[in-house]
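# Report on the structure
Okay, here's what each chain looks like letter by letter:
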Amino acid sequence: MDAQQFAPTYVNVTPANINDLSDALQMPIESGVTYVFDKGYCDYNWWHHIDQAGSIFVTRLKKNASVVCIGKLSEPEHGVVSDEVIRFNKKNLNTKRPNHYFGQDVRRIRVSRDSDKSDLILVTNDFKRSAQEIAALYKQRWQIELFFKWVKQHLKLKYYFGCSENAVRLQIYSALLAFLLLHAYRRQSAATSSIYEFATHLAYSLFERPAALLKADERRRDQAQLRVAMGSLQL
């Protein structure tokens, strides 16, 4: 999901027994993009693939990750407990696959939370942004949860019209297509209201011609009358 546009860029519906990471491994990686995801997508080789593609990743590091601290990158600041350079300490993963990130430096940032929850431990290959910027990027990941909530509430995904796999897929993709059409039309209209307010207004004015079309019709009528007037003048 594009956090700036608040719109999905990649969608795939899989059975419940398929791990999200398995689908992410098949997702095309774009160069120069920052990918933010939670610790459910923990795969060092996939992170290495993102790094080799010229992209940035920001995610959470598991507590049992075998790493060694190389040194400090910056001093603690507001909300940031530590900012360090670390290196993965295992040549092979638990699945007996080689760890392609072994021997390479990554960045570990520990972020405190206001609640009683434990600190967030973030890991990234971005050494240019500040620690607070990295923490803010991970905070934006919550927007995808808000997107799911919005789609379920406003695009009829609380109840399904059919129970077969094909029926469920059709309803989900129809809702996503409706959201994308609304999003594209809202951007084209340069509307400043929220997408919910825009959709509500569109529902009530569905059979009304937009003001831009009405003005275009008026211009065409004026031009037609002018041509008729000039034609009669020539006669």
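To be clear, the structure that these remarks concern was listed above.
First, a word on scope: everything that follows refers to the structure included in this document. All figures in this text were calculated on a predicted structure; none of them were measured in a lab.

### Focus: the pairing of strand β3 (residues 67-74)
Across 6 bridges, β3 lies against strand β4 (residues 80-88) in antiparallel orientation. The partner of G71 across the bridge, within β4, is V85.

### Some points on the sheet that holds β3
With mixed pairing, 6 strands are arranged side by side in an open sheet as β1-β2-β6-β5-β4-β3. Each edge of the sheet is formed by a strand with only one pairing partner; in this case those strands are β1 (34-36) and β3. Between one strand axis and the next, the sheet turns through 25 degrees on average, direction left out of account. Inspection of the sheet shows β4 paired to strand β5 (residues 105-111) by 7 bridges, in the antiparallel sense. Its bridge partner lying in β5, R87 is registered against D105. Strands β1, β2 (56-60), β4 and β6 (120-124) of the sheet are contacted by helix α2 (residues 44-52), whose axis makes an angle of about 155 degrees with β2.

### Some words on the pattern of salt bridges
Counted by the stated rule, this structure contains 7 salt bridges. The partner of R107 in a salt bridge is D83, and the shortest N-O contact between them spans 2.8 Å. Taken together, the residues R107 in strand β5 and D83 in strand β4 connect sequence positions 24 residues apart. D83 gets classed as buried once you look at its relative accessible area, which sits at 2%. Residues R108 and E84 are paired through a salt bridge, measuring 2.6 Å at the closest nitrogen-oxygen approach. Taken as a pair, R108 in strand β5 and E84 in strand β4 lie far apart in primary sequence, 24 residues in all. Given a relative accessible area of 19%, R108 falls into the buried group.

Scoring rules and cut-offs
- Residues numbered from 1 in each chain as written.
- Predicted model: local features only at pLDDT ≥ 70, side-chain atom pairs only at ≥ 80, totals over all residues.
- Heavy atoms only, no water.
- Pairing = 2+ DSSP bridges.
- Helix = DSSP H or I, 4+ residues; strand = E, 2+ residues; numbered from the N terminus.
- Axes fitted to C-alpha atoms, helices over the stretch in contact; angles between N-to-C directions.
- Contact = heavy atoms within 4.5 Å.
- Salt bridge = Lys/Arg side-chain N within 4 Å of Asp/Glu carboxyl O.
- Buried < 20%, exposed > 50% of the residue type's maximum accessible area, 1.4 Å probe, protein only.

Function cannot be read off these values alone, since they describe shape.
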